[in-house]
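# Close look at the chain arrangement
Residue strings, one per chain:
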2 protein chains.
Amino acid sequence: MNLVIVGSVALDTIETPTAKVERALGGTATYASIAASYFASPGIVAVVGGDLERRHISLLKRCGVDLEGLQVVPNGKTFHWSGCYEGDMHQAVTRETQLNVFESFRPTIPESYRKAPFLFLGNIQPDLQLDVLDQMKKPRLVLCDTMNYWITSQPERLEKVFRRSHVICVNDAEARMFTGRSSLPKAAQDLLKLGPQRIIIKLGGYGVQLYGRDSFFALPALPLTNVKDPTGAGDTFAGGFIGRLTTAVRLNENAFRQALAVGTVMASFCVQDFSCRRTAKLGPADVKKQLLSLRRAVLLPHYPG
Amino acid sequence: MNLVIVGSVALDTIETPTAKVERALGGTATYASIAASYFASPGIVAVVGGDLERRHISLLKRCGVDLEGLQVVPNGKTFHWSGCYEGDMHQAVTRETQLNVFESFRPTIPESYRKAPFLFLGNIQPDLQLDVLDQMKKPRLVLCDTMNYWITSQPERLEKVFRRSHVICVNDAEARMFTGRSSLPKAAQDLLKLGPQRIIIKLGGYGVQLYGRDSFFALPALPLTNVKDPTGAGDTFAGGFIGRLTTAVRLNENAFRQALAVGTVMASFCVQDFSCRRTAKLGPADVKKQLLSLRRAVLLPHYPG
């Protein structure tokens, strides 16, 4: 176990313009841990109710996800999100959110997790993210995510989380909202000033940007014509990203760029089916092939003089 | 003269959140020809009124732009556009458009232009674009642009232009509007079916995509923190793109990718000041340096196993 992932395990009911799925396995910890499992030994810290089906637990176990940190509330119900997508499925419209056992979630990091070198703080209340940071013993790299709700309601607490993270991973709207900057390069500069080494700004179907103090890197999303459901793409990206980082000898710019490519590739698989159906069944050849496609899509031939 | 550029020469009054400029030199033909002039020998086909100041004509001449195709209506007034930008300056809000002499513009291609191997059909009425195509003698490459107004009002005429072009250059909203597809990869596929070899989809501050029948390439915009005025960025991109193509031995994928990088770089200069102030004063070293920055920004190091 070299990677702790803190976040939700959820049941999602999702409707897209062409299909629908009910009570499918979802949540940040689910998506991120499955994506990370191709490269790392992730363990999750999350909570579920007694209603979570055995097959969901089995799926996570089969992917090699450590579940010691998964709290089960026998008489409780699992977090349930219901939403739909329209048009280009750029943005989900929430129909219903039943927090259930997630409402009183208090992450407890098992003793065996505390020395893990990598930590992904998924989108939960900033105070809980801080609590997790206090429980961990000096992780080598902390990646954190958040959402508009916490940016609006608890910006000061969130800033504390950002100050203690090595990499912040947010989308374009979140970066703009937190900093009050409409320009993304300016927003990234502001976020870097809080202390993190790198800022990742996700642009949905337009790709992803990586800002360092003296560096900038960008990757496009792969041009998919078979997007089925974008739910979990961001968490899958984050899981692939930090999963790949665990294999890096040094956490330098090259390692971050390679990890960004892996995250992009894992996200491209995620959106091709509901839930983790596609990402849970990948072979190393699938990942390698998609990485090659991505490499071809960004190859700028040398300028001849 | 190896590149014909058809489009507007305009006077622009522009207000941004931080500054304002009145009756500055603008228009598609202006922006595109100045950007192209670093690589090609462009000639423009456009119309202006007697009110266009001598210094504007001198600027174009100094940049090496051939003006044989520039019609001057002594008693007429030059096309005048007035607009403003807010927030992240993603989209211009038009305050006033005075078409003036541009309203009855009928492009006449001078005899000396007709055998030029490269043609950029800037955004004008589709019937005029078709008329230009009839006057030209089999150009090696036709690049065409358009706008939402023609997509809505004359989609059939516009389709004829697209069918006779080698490269279509539109922005994301235009691609979606013309094809009725919310997915850009699907929109690009539809456009490719009309016959062009390549589709360029501009994403503003998020970069640009290049779709071929079996290829995909994407470039980010450079992360600028000093954007002053985005007016003309798209036309400057197009001019740099086709200008660079005129130097290619073969019009293959590599040539298109290099040209896309040059277009991106020229556009990055354009937005750093009003009008063509920055692009008209560049040295080869400036362009080379910015190309290196772009190359660094897309360099994906090799995946180690």
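Before any of the text, the structure's been laid out above.
Quick caveat, the model's predicted, so the values are computed rather than measured. (Residues numbered from 1 in each chain as written. Chains lettered and ligands numbered in written order. Predicted model: local features only at pLDDT ≥ 70, side-chain atom pairs only at ≥ 80, totals over all residues. Heavy atoms only, no water.)

## Digging into the overall build of chain A
From N to C terminus, chain A includes 10 helices and 13 strands. Since a compact globule built from 305 residues should have a radius of gyration of about 19 Å, the 18 Å found for chain A is in line with a globular shape. For chain A, the spread of C-alpha atoms along the three principal axes comes to 70 × 40 × 35 Å. Within the span of chain A, comprising 305 residues, buried residues form 62% of the whole. Here chain A displays about 12,500 Å² of accessible surface, and carbon together with sulfur accounts for 48% of that area. If you average the places of the 36 positive and of the 27 negative side-chain charges in chain A, the two averages end up 8 Å apart. (Helix = DSSP H or I, 4+ residues; strand = E, 2+ residues; numbered from the N terminus. Rg over C-alpha atoms; globule rule 2.2 N^0.38 Å. Buried < 20%, exposed > 50% of the residue type's maximum accessible area, 1.4 Å probe, protein only. Areas by Shrake-Rupley, 256 points an atom, 1.4 Å probe, with all protein chains shown as cover. Lys, Arg positive; Asp, Glu negative; His and termini not counted. Charge placed at Lys NZ, Arg CZ, Asp CG, Glu CD.)

## Here's the deal with the relation of the copies chain A and chain B
Superposition record for chain A on chain B: RMSD 0.0 Å, screw rotation 180 degrees, translation along axis 0.0 Å. Here the copies are linked by what is in effect a two-fold axis. Both copies contact each other with a shared surface, as 100% of the interface residues of chain A are interface residues in chain B too. (Least-squares fit on C-alpha atoms with pLDDT ≥ 70 in both. Contact = heavy atoms within 4.5 Å.)

## Some remarks on the packing of aromatic side chains
The final tally for this structure, using the stated rule, is 15 aromatic pairs over all chains. Considering the side-chain rings of A:Phe241 and A:Phe256, the 6.2 Å spacing of their centres and the 20 degrees angle between planes classify their relative orientation as stacked. With A:Phe241 in helix 8 (residues 233-245) and A:Phe256 in helix 9 (residues 253-270), this residue pair connects regions lying 15 residues apart in the sequence. By the burial criterion, A:Phe241 is buried, and A:Phe256 matches it. Plain terms: the ring middles of B:Phe237 and B:Phe241 are 6.1 Å apart, the flat faces sit at 15 degrees to each other, and that makes the pair stacked. Taken together, the residues B:Phe237 and B:Phe241, both in helix 8 (residues 233-245) and four residues apart, mark about one turn of the helix. Members of the aromatic cluster, connected to one another through ring pairs, are A:Phe79, A:Phe102 and A:Phe105. (Phe/Tyr/Trp six-rings, centres within 6.5 Å; stacked < 30°, edge-to-face > 60°.)

## Digging into the pattern of salt bridges
Residues and elements named next belong to chain A. As enumerated under the stated definition, the model contains 28 salt bridges over all chains in all. The shortest N-O distance in the salt bridge between Arg106 and Asp131 comes to 2.9 Å. Of this pair, Arg106 sits in the loop between strand 7 (92-98) and strand 8 (118-121) while Asp131 sits in helix 3 (residues 126-135), and the two are 25 residues apart along the sequence. With a relative accessible area of 52%, Arg106 lands in the exposed category. Residues participating in the shared-partner salt-bridge network are Arg181, Asp190 and Lys193. (Salt bridge = Lys/Arg side-chain N within 4 Å of Asp/Glu carboxyl O.)

## Points about the environment of A:Phe241
All names here are of chain A. Under the relative-accessibility criterion, Phe241 is labelled buried at 0%. Between the C-alpha atoms of Phe241 and Val161, which are 80 residues apart in sequence, the distance is 19 Å. In contact with Phe241, not counting residues within four places along its chain, are Leu143, Val167, Ile200, Phe256, Ala259, Leu260 and Gly263.

## Some words on the interface of chain A and chain B
Each side of the interface is counted separately: chain A has 39 residues, and chain B has 39 residues. For the pairing of chain A and chain B, the buried interface totals around 3,700 Å² over both sides, and the portion due to carbon and sulfur atoms is 62%. The tally of links between chain A and chain B comes to zero salt bridges. Here chain A and chain B share 16 residue pairs in polar contact (both at pLDDT 80 or more) between them. At the level of secondary structure, the elements contributing two or more residues to the side of chain A that touches chain B comprise helix 6 (172-179), helix 7 (184-192), strand 13 (216-219), helix 9 and helix 10 (284-298) of chain A. Residue composition of the side of chain A that touches chain B, by class: 23 nonpolar, eight polar and eight charged. (Buried area = accessible area lost by both parts, 1.4 Å probe. Polar contact = N/O pair within 3.5 Å; in protein donor to acceptor, adjacent residues only side chain to side chain. Nonpolar A, V, L, I, M, F, W, Y, C, P; charged D, E, K, R; others polar.)

## Considering the pairing of strand 10 (residues 167-171) of chain B
Residue and element names in this part refer to chain B. Here strand 10 lies mainly inside the structure; four of its five residues are buried. Examined bridge by bridge, strand 9 (residues 141-144) and strand 10 share two bridges and lie parallel to one another. Across the sheet, Cys144 pairs through a bridge with Ile168, a residue of strand 10. Pairing of strand 10 with strand 11 (residues 198-202) involves five bridges; the strand directions are parallel. Following the sheet pairing, Asn171 is matched in strand 11 by Lys202. (Pairing = 2+ DSSP bridges.)

## Points about the sheet that holds strand 2 (residues 10-15) of chain A
Residue and element names in this part refer to chain A. Taken in spatial order, the four strands of this open sheet run 3-2-6-7, and their pairing is mixed. Every other strand in the sheet has two partners, leaving strand 3 (20-26) and strand 7 as the edge strands with one partner each. Neighbouring strand axes in the sheet, compared pairwise and without regard to direction, differ in orientation by 20 degrees on average. By the bridge criterion, five bridges tie strand 2 to strand 3 in an arrangement that is antiparallel. From the neighbouring strand, Asp12 faces strand 3, where its bridge partner is Ala24. (Axes fitted to C-alpha atoms, helices over the stretch in contact; angles between N-to-C directions.)

## Focus on the nonpolar core
Most often, soluble globular proteins keep nonpolar side chains buried together rather than apart. Membership of the largest hydrophobic core comes to 88 residues, with the highest contact counts inside it found for A:Val6, A:Leu119, B:Val6 and B:Leu119. Setting aside residues up to four positions removed in sequence, B:Val6 forms contacts with B:Val45, B:Phe105, B:Pro107, B:Ile109, B:Leu119, B:Phe120, B:Leu121, B:Gly122, B:Ile124 and B:Val132. The next biggest cluster of nonpolar side chains, apart from the first, holds 64 residues, and it includes B:Ile34, B:Phe39, B:Ala280 and B:Val298. (Core = buried A, V, L, I, M, F, W, Y, C linked by side-chain atoms within 4.5 Å.)

## A few points about the state of the cysteines
Under the defined criterion, the tally for this structure stands at zero disulfides over all chains. There is no disulfide at A:Cys270, and the cysteine sulfur nearest it, in A:Cys276, is 7.3 Å away. Sulfur of B:Cys84: no disulfide; nearest cysteine sulfur belongs to B:Cys270 and is 18 Å away. (Disulfide = S-S within 2.5 Å.)

## What to know about helix 9 of chain A
Helix length check: helix 9 of chain A, at 18 residues, gives a terminal C-alpha distance of 26 Å against a target of 26 Å (1.5 Å per residue), a fit within 8%. Counting buried positions along helix 9 of chain A yields 17 of 18 residues, so the element is predominantly enclosed. (Expected span 1.5 Å × (residues − 1).)

## Quick word on the pairing of strand 6 (residues 80-85) of chain A
Residue and element names in this part refer to chain A. Most of strand 6 sits inside the fold, with six of its six residues counted as buried. Note that strand 2 and strand 6 share five bridges and pair parallel. Within the sheet, the bridge partner assigned to Thr13 lies in strand 6 and is Ser82. Pairing of strand 6 with strand 7, which is carried by six bridges, proceeds in the antiparallel orientation. By the bridge assignment for strand 7, Gly83 is matched with Thr94.

## Regarding the sheet that holds strand 7 (residues 92-98) of chain B
Residue and element names in this part refer to chain B. Taken together, the four strands give an open sheet; going across it, the order is 3-2-6-7, and neighbouring strands pair in mixed fashion. At either end of the open sheet lies a strand with only one pairing partner, and these are strand 3 (20-26) and strand 7. Between one strand axis and the next, the sheet turns through 20 degrees on average, direction left out of account.

## Looking at the packing of helix 8 of chain B against helix 9 (residues 253-270) of chain B
Residues and elements named next belong to chain B. Following both chains from N to C, one finds helix 8 and helix 9 inclined at 145 degrees, their axes separated by 7 Å at the closest point. Handedness of the helix 8/helix 9 crossing: right-handed. For the pair helix 8 and helix 9, contact is made by Ala233, Thr236, Phe237, Gly240, Phe241, Arg244 and Leu245 and by Ala255, Phe256, Gln258, Ala259, Leu260, Val262, Gly263, Thr264, Met266, Ala267 and Cys270, respectively. Broken down by class, the residue content of the contact of helix 8 with helix 9 amounts to 12 nonpolar, five polar and one charged. (Left-handed = near helix turned anticlockwise from the far one by under 90°.)

Everything listed is a geometric property; what it means functionally is a separate question.
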